Amino acid sequence: MKKAKAFLAGSLILNILFIGIGGYIIHKQGGITFIKEQVANATSPQKYPDYYLQNKNIFESIEVAETDKIFVGDSITDHGEFQEYFPGQAVLNRGISEDTSDGVLNRIKEVAVRKPKEVYIMIGINDIGAGTDAKTYRKNVDSIIQSFDKDATKVILQSILPINNRDFNNDLSNKTVHEFNAILQQLAQKHGVEYIDLHSAFEDPDGQLKKDITIDGIHLKGEGYRIWMNKLNQ
């Protein structure tokens, strides 16, 4: 009887620990919003999320006009107020949260037909999170670059930023970030386009995203965007 009670007590303690750990992980990933997104993604036959499809449709519905700069990417781009940094210029934000190189390739025509003077591309962190292999990532980015008329548009590949694994998902590896950035450098050289190393300006001595410029270990605070824009203007 005593052994049974001890077993039950032990099981209860383990269950509480598992629930606590699970709750902490969910909290770090965005709480109830994270749960809803995972359930929706698991049950939906759609290849792309609703937010992606909504924004793609909105972007495509806007008439083509003369454009100076277009920023293309995932949530890190999506959250940026780039127009504020370039007063007097026509600047468009084509970031979509949770996007990948495949998603960008699927919608890049809308960007390319605008023939912006400059296009700034940062994509890859969600590819890493989704387990996209290096070969597929290389192929997608290669096709993205080739979508542009380089006589009309200067293509700038921006490095993927580091992650702070102490604050974000440890499954995202900074080692893989370096490997994907090497692919970007190789593609830039292959196609004769510019590659900008933002990564080194954002990492701390341990190779992590600087803690004081991130809200959650991956997304940037205002100071992070200031560093980003200063780097582009050097």
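Procedures and definitions
- Residues numbered from 1 in each chain as written.
- Predicted model: local features only at pLDDT ≥ 70, side-chain atom pairs only at ≥ 80, totals over all residues.
- Heavy atoms only, no water.
- Helix = DSSP H or I, 4+ residues; strand = E, 2+ residues; numbered from the N terminus.
- Expected span 1.5 Å × (residues − 1).
- Buried < 20%, exposed > 50% of the residue type's maximum accessible area, 1.4 Å probe, protein only.
- Arc of directions from axis to C-beta.
- Contact = heavy atoms within 4.5 Å.
- Pairing = 2+ DSSP bridges.
- Axes fitted to C-alpha atoms, helices over the stretch in contact; angles between N-to-C directions.
- Left-handed = near helix turned anticlockwise from the far one by under 90°.
- Nonpolar A, V, L, I, M, F, W, Y, C, P; charged D, E, K, R; others polar.
- Phe/Tyr/Trp six-rings, centres within 6.5 Å; stacked < 30°, edge-to-face > 60°.
- Lys NZ or Arg CZ within 6 Å of the ring centre and 35° of its normal.

**Here's the deal with helix α5 (residues 101-112)**
Between its terminal C-alpha atoms α5 stretches 15 Å, which fits the 16 Å expected from 12 residues at 1.5 Å a residue. Of the positions making up α5, those classed as buried are Ser101, Gly103, Val104, Arg107, Ile108, Glu110, Val111 and Ala112. The arc that holds every buried residue of α5, seen down its axis, measures 165°, which confines them to one face. In this structure, the buried side of α5 is in contact with α3 (50-61), β1 (69-73), β2 (91-95), β3 (118-122), α6 (125-130) and α7 (134-146).

**What about unusual backbone geometry?**
Keep in mind that most residues, glycine aside, have a negative phi and that most peptide bonds are trans. One non-glycine residue, Glu98, adopts positive backbone phi at about 70°. Relative to the helices and strands, Glu98 is located in the loop between β2 and α5. The phi torsion at Lys115 lies on the positive side, around 45°, for a residue other than glycine. Secondary-structure assignment places Lys115 in the loop between α5 and β3.

**Description of the pairing of β1**
Where burial is concerned, most of β1 is hidden: 5 out of the 5 residues are buried. Going residue by residue along β1, you find Lys69, Phe71 and Gly73 tucked away on one face and Ile70 and Val72 tucked away on the opposite face as well. Across 5 bridges, β1 lies against β2 in parallel orientation. The residue bridging Phe71 from the neighbouring strand is Asn93, located in β2. Note that β1 and β3 share 5 bridges and pair parallel. Looking at the pairing, Phe71 lines up with Tyr120 of β3.

**Comments concerning the sheet that holds β2**
One key point about sheets: their strands pair by backbone hydrogen bonds, in either a parallel or an antiparallel sense. One open sheet accounts for 5 strands, arranged β2-β1-β3-β4-β5; its pairing is parallel. The sheet is open, and its two borders are formed by β2 and β5 (194-196), each paired with just one other strand. Going across the sheet, the axis of each strand differs from the next one's by a mean of 20°, ignoring polarity. Relative to strand β4 (residues 154-158), β3 runs parallel, the two being bridged by 4 bridges. The partner of Val119 across the bridge, within β4, is Val155.

**Remarks on the packing of α7 against helix α8 (residues 174-191)**
One way to put it is that α7 packs onto α8 with a least axis distance of 10 Å and a crossing angle of 35°. Between α7 and α8 lies a crossing whose hand is right-handed. When α7 is examined against α8, the residues Ala134, Tyr137, Arg138, Val141, Asp142, Ile145 and Gln146 are found in contact with a partner set consisting of Phe180, Ile183, Leu184, Gln186, Leu187, Lys190 and His191. Looking at side-chain class alone, the contact of α7 with α8 contains 8 nonpolar, 3 polar and 3 charged residues.

**Let's talk about helix α10 (residues 222-232)**
Burial in α10 covers these residues: Gly224, Tyr225, Ile227, Trp228, Met229 and Leu232. Each element contacted by the buried residues of α10 is listed here: β1, α4 (75-78), β3, β4, β5 and α9 (199-202).

**Some points on the packing of aromatic side chains**
Counted according to the given criterion, the structure contains 8 aromatic pairs. Pairing Phe82 with Tyr225 gives two aromatic rings, centres 6.3 Å apart and planes at 70°, and the pair type is edge-to-face. Pair noted here: Phe82 is in the loop between α4 and β2 and Tyr225 is in helix α10, with a separation of 143 residues, a long-range link. A residue is classified by how much of its surface remains accessible, and Tyr225, at 6% relative accessible area, is buried. Put simply, the rings of Phe71, Phe82, Phe86, Tyr120, Tyr225 and Trp228 pair up and form one aromatic cluster. A cation sits over an aromatic face here: Lys69 above Phe86, 4.7 Å from the ring centre. The positively charged end of Arg94 is found above the aromatic ring belonging to Phe59, 4.1 Å away from the centroid.

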